[in-house]
Amino acid sequence: MEKNEITILGAGLIGTLMAIYLKKQGLGVTVYDKRPDKRKTLVDEGGRSINMALSHRGWKSLEQVGLKDKVLPLAIPMFGRKVHDEHGGTAFISYGKEDQAIYSISRGKFNQLLAEEAERLGAEIRFEHKFLDVNFENQEIIFETKEGKLKQTVPVIIGADGAYSALRTAMQKQIRFNYRQEYISHGYKELTIPPTAEGEFAMDPNALHIWPRGKFMLIALPNPDQSFTCTLFLPFEGTKVCFEKINDEFDLEQVFRSYFDDAYHLMPDLKKEYFKNPTSALINVECYPWVKGHSLLLGDASHAMVPFYGQGMNCGFEDCFVLNQLIEKYGLNSWDLVFEKFQKKRKPDTDAICQLAMENFIEMRDSVADPKFIIRKKIEAKLHELYPKEWIPLYSMVTFSDMGYAEAYAQGKLQEAIMDKVMADPLITENWDKLDYLDIIDKMETAKAV
Ligand SMILES: Cc1cc2nc3c(=O)[nH]c(=O)nc-3n(C[C@H](O)[C@H](O)[C@H](O)COP(=O)(O)OP(=O)(O)OC[C@H]3O[C@@H](n4cnc5c(N)ncnc54)[C@H](O)[C@@H]3O)c2cc1C
């Protein structure tokens, strides 16, 4: 078998984009997925997020293979967070500069576009092929198909089979494979705000809506059909408001009327949806090495993160971009070298974004409701406006740049320490506009030099 025949496990977002990159390199690509072809059957997504936020790293990776213009019509720009308080009041906090946005996109349609593009370029996608195991000595893989077990020997395997990766499970049986997983205390459930009777969006479509309530929150992202997909994040158990304590329509109404009353009035199907839709868990997975023989883990298979920075897919797309760069540098016959370089380069960055995603949960559900948080964001925005190179807010480094996540994390920690001191001033709410901004920059430069 030719070494330039690549087997990809998983036709999700990352597997299909990687297939497109590899086809553009002139390689033979076969993608296997355990699920049926969504174009032929209605597939239950099993409670996985219906829409998601696409940002700079994702766009850059799509642009590299000429897909940006095809994807843009599917995406709705969100220029900031619209924070809803408990009394129905709202405040808008920009994500970055005026024209900077993250984009809401439907997972299903996006995945379909990528799959069709991969096929158009000549990749073969075989659905209903569940990868079961691999012998790393001879690269023999086993699939379960409708016709029974299928064995194949393949030269190169890329495992893009998601957070519960079966290729990763096979690697775990090998010696010296490190693995850490953590389910957080919270889960999520998806709900809908439909269009109004006039067929319009019920809220501003160009914002990500958040109802932050300390230990829990609701968010909503717009869809092209004028609806919003809402995600309710609650602890599974143990607190006053948690999934365990919502057992009937009365409990549900109490929670929504008390904490999300403005949203409640926009959700006619709430009761039906809440009890029909699954409650899903949130997991963080870190592992290493990502390589065994000629097999590599990619995307969520190697670094599944909690969704609070909106980076899981964007990071996986960046994996494809970086892997492609290394293929271009080292050629099509140096998989050992390419895979080795890839895991060494990417691991510190993916560790950093996994950590940031955990930390951002507190910011989203709690800090954004604090008036001081808005002042803090205004100070950082002004610092960025006055000194665009010296001070880039952490959110912007992660979302609107392609700076390594690890570097963004390190700079973010220095900025956080300086901003904590600035915010300690008891008169900051009145004086924030009159601060000595150059002095803050000097402190940052000194901190960086240490
Ligand atoms: C609630 C929520 C919200 C999110 N929001 C965002 C967001 O706003 N922005 C963002 O960037 N990211 C977001 N993410 C993360 C994003 O969904 C993932 O990072 C992304 O889907 C990972 O893509 P993947 O292709 O690696 O894995 P997946 O999308 O999970 O795809 C894996 C594929 O592999 C297949 N497969 C699995 N096992 C096998 C097997 N044994 N054999 C064959 N095929 C198999 C599956 O059927 C699937 O098609 C969110 C995640 C969640 C849970």
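Residues numbered from 1 in each chain as written. Predicted model: local features only at pLDDT ≥ 70, side-chain atom pairs only at ≥ 80, totals over all residues. Heavy atoms only, no water.

1. Quick look at the overall build of the protein
Reasoning step 1: Counting secondary structure elements, the protein contains 16 helices and 19 strands.
Reasoning step 2: In summary, the protein has a C-alpha radius of gyration of 23 Å against a globular reference of 22 Å for 450 residues, a match within 12%.
Reasoning step 3: Overall, the C-alpha framework of the protein stretches about 70 × 60 × 40 Å when taken along its three principal axes.
Reasoning step 4: Within the protein, buried positions represent 52% of all 450 residues.
Reasoning step 5: The long-range share in the protein, meaning contacts at least 24 apart out of those at least 6 apart in sequence, stands at 70%.
Reasoning step 6: Element-wise, carbon and sulfur atoms account for 51% of the exposed surface of the protein, whose accessible area totals about 20400 Å².
Reasoning step 7: Side-chain charges of the protein comprise 56 positive and 66 negative groups, with the mean position of each set lying 4 Å from the other. (Helix = DSSP H or I, 4+ residues; strand = E, 2+ residues; numbered from the N terminus. Rg over C-alpha atoms; globule rule 2.2 N^0.38 Å. Buried < 20%, exposed > 50% of the residue type's maximum accessible area, 1.4 Å probe, protein only. Contact = heavy atoms within 4.5 Å. Areas by Shrake-Rupley, 256 points an atom, 1.4 Å probe, with all protein chains shown as cover. Lys, Arg positive; Asp, Glu negative; His and termini not counted. Charge placed at Lys NZ, Arg CZ, Asp CG, Glu CD.)

2. Notes on helix α4 (residues 107–120)
Reasoning step 1: Its 14 residues give α4 an end-to-end C-alpha distance of 20 Å, which sits within 8% of 20 Å, the value for a rise of 1.5 Å per residue.
Reasoning step 2: All of the buried residues in α4 are R107, F110, N111, L113, L114, A115, E117 and A118. (Expected span 1.5 Å × (residues − 1).)

3. Some details on the pairing of strand β2 (residues 28–32)
Reasoning step 1: Counting buried residues along β2, five of its five residues qualify, which places the element largely inside the surrounding structure.
Reasoning step 2: For strand β1 (residues 5–9) and β2, the ladder comprises five bridges, and the chain directions are parallel. Counterpart to L9 in the pairing with β2 is Y32.
Reasoning step 3: Alignment of β2 against strand β8 (residues 124–126), held across three bridges, turns out to be parallel. From the neighbouring strand, Y32 faces β8, where its bridge partner is R126. (Pairing = 2+ DSSP bridges.)

4. Things to note about the domain arrangement of the protein
Reasoning step 1: Splitting the protein by domain gives domain 1 (5–75 + 106–181 + 282–360), domain 2 (184–280) and domain 3 (370–449).
Reasoning step 2: In this structure, domain 1 and domain 2 have C-alpha centres spaced 30 Å apart.
Reasoning step 3: Of the residues lining the interface, 14 residues belong to domain 1; the matching set on domain 2 comes to 14 residues.
Reasoning step 4: Approximately 1100 Å² of surface area, both sides summed, lies buried where domain 1 meets domain 2, with 62% of it carried by carbon and sulfur atoms.
Reasoning step 5: Summed over the shared surface of domain 1 and domain 2, the number is zero salt bridges.
Reasoning step 6: Remark: the boundary between domain 1 and domain 2 carries four residue pairs in polar contact (both at pLDDT 80 or more).
Reasoning step 7: It is strand β3 (residues 51–54) that provides the largest number of residues to the side of domain 1 that touches domain 2, a total of three residues.
Reasoning step 8: Of the residues that constitute the side of domain 1 that touches domain 2, the class distribution is nine nonpolar, four polar and one charged. (Domains from an automatic or database assignment. Buried area = accessible area lost by both parts, 1.4 Å probe. Salt bridge = Lys/Arg side-chain N within 4 Å of Asp/Glu carboxyl O. Polar contact = N/O pair within 3.5 Å; in protein donor to acceptor, adjacent residues only side chain to side chain. Nonpolar A, V, L, I, M, F, W, Y, C, P; charged D, E, K, R; others polar.)

5. Quick notes on the pattern of salt bridges
Reasoning step 1: Scanning the entire structure with this criterion turns up 24 salt bridges.
Reasoning step 2: The salt bridge involving R120 is made with E117; its shortest N-O contact spans 2.6 Å. Here R120 pairs with E117, and both are found in helix α4, just three residues apart, close to one helical turn.
Reasoning step 3: Residue R180 pairs with E286 through a salt bridge whose shortest N-O separation is 3.2 Å. Note that R180 is positioned in strand β13 (residues 178–193) and E286 in strand β17 (residues 280–288), a separation of 106 residues in sequence.
Reasoning step 4: Among the residues examined, R180 registers a relative accessible area of 45% and is labelled partly exposed.

6. Considering helix α1 (residues 13–24)
Reasoning step 1: Taking 1.5 Å per residue as the helical rise, α1 with its twelve residues ought to reach 16 Å, and the 17 Å between its terminal C-alpha atoms agrees with that figure.
Reasoning step 2: In terms of burial, α1 is largely enclosed, as eleven of its twelve residues are buried.
Reasoning step 3: Among all positions in α1, only L13, I14, G15, T16, L17, M18, A19, I20, Y21, L22 and K23 are buried.
Reasoning step 4: The positive-phi residue at the C-terminal boundary of α1 is G26, with phi of around 85°.

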